[in-house]
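Architecture at a glance
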Amino acid sequence: MDIPVYSLVAYLVAAVLFIIGLMRMSTPKTARGGNVLAATGMLIAIVITLLLKEVLNYTMILVGIAIGGIIGGVAARTVKMTAMPQMVGIYNGFGGGGSLLIAAAEFFRYANLTEGFTVQNSITIVITILIGCVTFSGSMIAFGKLQGLVKSRPVTYPMQNIWNLVIFIAILAMMIYLIVSPGNVPVFIALIAVSLVLGVLLVIPIGGADMPVVISLLNSYSGLAGCAAGFVLGNMFLIISGALVGAAGFILTRIMCKAMNRSLGNVMFGAFGAVVQTTGTAGEEGEKVVREATPEDVTTLLGYAKSVIFVPGYGMATSQAQHHVAELATLLEQRGTDVKYAIHPVAGRMPGHMNVLLAEANVPYDKLYDLDDINADFERTDVAVVIGANDVTNPSARNMTDSPLYGMPILNVDKAKSVVVIKRSLSPGFAGVDNPLFYMEKTMMFFRDGKQAIIEILDEIKNL
Ligand code: NAP
């Protein structure tokens, strides 16, 4: 495609806006502005692309923009924060599907041209087909698992990875065939079908709770698919923006794996969560004894504390307790208590889950502390209030080598002078292991739904 110079300059400006936007997204304070910059870059790129002479049918494009815009606008307004991972998942899938359709359209266009395929466009088309198909079908399964439409537990069967390897080799053979003798429609259709199957098979053995990592990886794939589609079309902006998404998604995937102390290979092929998880009960559990607290006990402890650290986790998200937690923190501060929030990088079920929820409750950013910045403070803190967090506070991650959590950096909640844990039972968290923190002498277990617990404490503290 012959692209005029003004378009190339505009694409470059758009790409620079993308990069600055991404940089500004690295801290919550500048993230909104970063988003606006990146969106402006995208708008410039879309307008410039629509001005290209090759655009043949503006009506179709306007209808597409209207339908997509309405679906996107309604989803952004109505989808709940806790359902964000699956929304990102399905959008990644559409990104992959879009790249797949572009590559298929180009395949059939070249197949009908007399000059036909060059080696370069055959290579870019088959690569785009593979990545686009795997991203599309894999993302649909990831979406289904998170939405509860597909069985969330890992689906495993004998020689699973060997079968996947065999399928991958078959795909490679078809790709090479299509490069050497391009334009063969049955082989091309078979390549699409088998690549779609590979996407499904790669995601079904992964447990539902690992899906956020997979979605982040598929996000990276959708960027690579877009980048490959950029090569197919010879569109510089698509190549740059796809590469940015690909790299950003991969970096995020690495950060999540590192914070969970799991390798990407373990997430992808380890079938984490396939084991039957154990559940505990309140009261005595073998030799272990827990101290069960009443709202009055917790209120008295908090009422006389000079320093309190809130440690939110997945249970705060499911019970939607963030607004009440923020209200309790404000009340404590009015009584002269120093209040902080400790944020573990993988607390909850998606990156930044706790930051987003607490920002929604208008908790100031400077009260949120990352693991490395707060861990030393616990031993100087009167009360640590764990609300719906479990794995990210589990001390066995430090020394129990057979624990799935071994090596994961944790919040040093057990070092605080007193600990209050708010959750509904002694049930384990995502990793399925018991938490010795619950049985420590300094720990009070307040067995409640997260929001209900804070409401009860608020009622008490107002009368203190
Ligand atoms: P967690 O270890 O999964 O524990 C959450 C706890 O919340 C559960 O033990 C549960 O206990 C409690 N809970 C659930 N519903 C509740 C409610 N309505 N009210 C009060 N409590 C409730 O959570 P976490 O400490 O946040 O750790 C996150 C885990 O997810 C880590 O293992 C991490 O590796 C993994 N993970 C995170 C991400 C990410 O991006 N953040 C991605 C993938 C995996 P009860 O049932 O007894 O109430």
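Residues numbered from 1 in each chain as written. Predicted model: local features only at pLDDT ≥ 70, side-chain atom pairs only at ≥ 80, totals over all residues. Heavy atoms only, no water.

Looking now at the sheet that holds strand S5 (residues 338–343). With respect to topology, 7 strands assemble into an open sheet ordered S3-S9-S8-S7-S4-S5-S6, the strand pairing being parallel. The sheet is open, and its two edges are formed by strand S3 (291–292) and strand S6 (368–370), each paired on a single side. Contacting strand S4 (307–312), S5 and strand S7 (383–387), helix H13 (residues 322–334) runs over the sheet at an angle of about 150° to S5. Sheet strands touched by helix H17 (residues 450–462): S7, strand S8 (418–423) and strand S9 (443–447). Its angle to S8, the strand with the most contacts, is close to 125°. (Pairing = 2+ DSSP bridges. Helix = DSSP H or I, 4+ residues; strand = E, 2+ residues; numbered from the N terminus. Contact = heavy atoms within 4.5 Å. Axes fitted to C-alpha atoms, helices over the stretch in contact; angles between N-to-C directions.)

This part takes up the pattern of salt bridges. Pairing between side chains of opposite charge can happen when the charged atoms of each approach one another. Within the structure shown, the criterion is met by 9 salt bridges. Asp 382 is the partner of Lys 417 in a salt bridge, and the nearest nitrogen-oxygen pair spans 3.5 Å. Placement of Lys 417 in the loop between helix H16 (396–399) and S8 and of Asp 382 in the loop between helix H15 (371–374) and S7 is noted, with a sequence separation of 35 residues between them. The salt bridge involving Asp 414 is made with Arg 398; its shortest N-O contact spans 2.8 Å. Remark: Arg 398 occurs in helix H16 and Asp 414 occurs in the loop between H16 and S8; sequence separation between them is 16 residues. When its relative accessible area of 9% is taken as the criterion, Asp 414 is described as buried. When its relative accessible area of 34% is taken as the criterion, Arg 398 is described as partly exposed. Overlapping salt bridges, with partners in common, bring together Lys 340, Asp 377 and Arg 380 in one network. (Salt bridge = Lys/Arg side-chain N within 4 Å of Asp/Glu carboxyl O. Buried < 20%, exposed > 50% of the residue type's maximum accessible area, 1.4 Å probe, protein only.)

Moving on: the site of the ligand. Around the ligand there are 30 residues in total, and Asn 390, Asp 391, Arg 424, Ser 425 and Gly 450 lie nearest to it. In this structure, an oxygen atom belonging to the ligand sits 2.9 Å away from a side-chain N or O atom of Arg 349. Within the side chain of Asp 449, one N or O atom sits 2.9 Å away from a nitrogen atom of the ligand. Alone, the ligand offers 920 Å² of accessible surface; in the complex the protein occludes 96% of this. Here the shell around the ligand takes 4 residues from helix H12 (residues 314–319), the largest share from any one element. Along the lines of polarity and charge, the residues of the shell around the ligand split into 13 nonpolar, 11 polar and 6 charged. There are two domains that each give the shell around the ligand at least three residues, and those are domain 2 (89–269) and domain 3 (295–461). (Near = heavy atom within 4 Å. Polar contact = N/O pair within 3.5 Å; in protein donor to acceptor, adjacent residues only side chain to side chain. Areas by Shrake-Rupley, 256 points an atom, 1.4 Å probe, with all protein chains shown as cover. Nonpolar A, V, L, I, M, F, W, Y, C, P; charged D, E, K, R; others polar. Domains from an automatic or database assignment.)

With that out of the way, let us pick up the environment of Tyr 341. As for its placement among the helices and strands, Tyr 341 is situated in strand S5. The class for Tyr 341 is buried, based on a relative accessible area of 2%. Once the C-alpha coordinates of Tyr 341 and Gly 41 are considered, the two residues, 300 residues apart in sequence, prove to be 35 Å apart.

Turning next to the environment of Ala 14. Relative to the helices and strands, Ala 14 is located in helix H1 (residues 5–24). A C-alpha to C-alpha distance of 9.8 Å links Ala 14 and Ile 240, two positions 226 residues apart in sequence. Each residue touching Ala 14, except ones within four places of it in the same chain, is listed here: Gly 41, Ile 44, Ala 45 and Phe 237.

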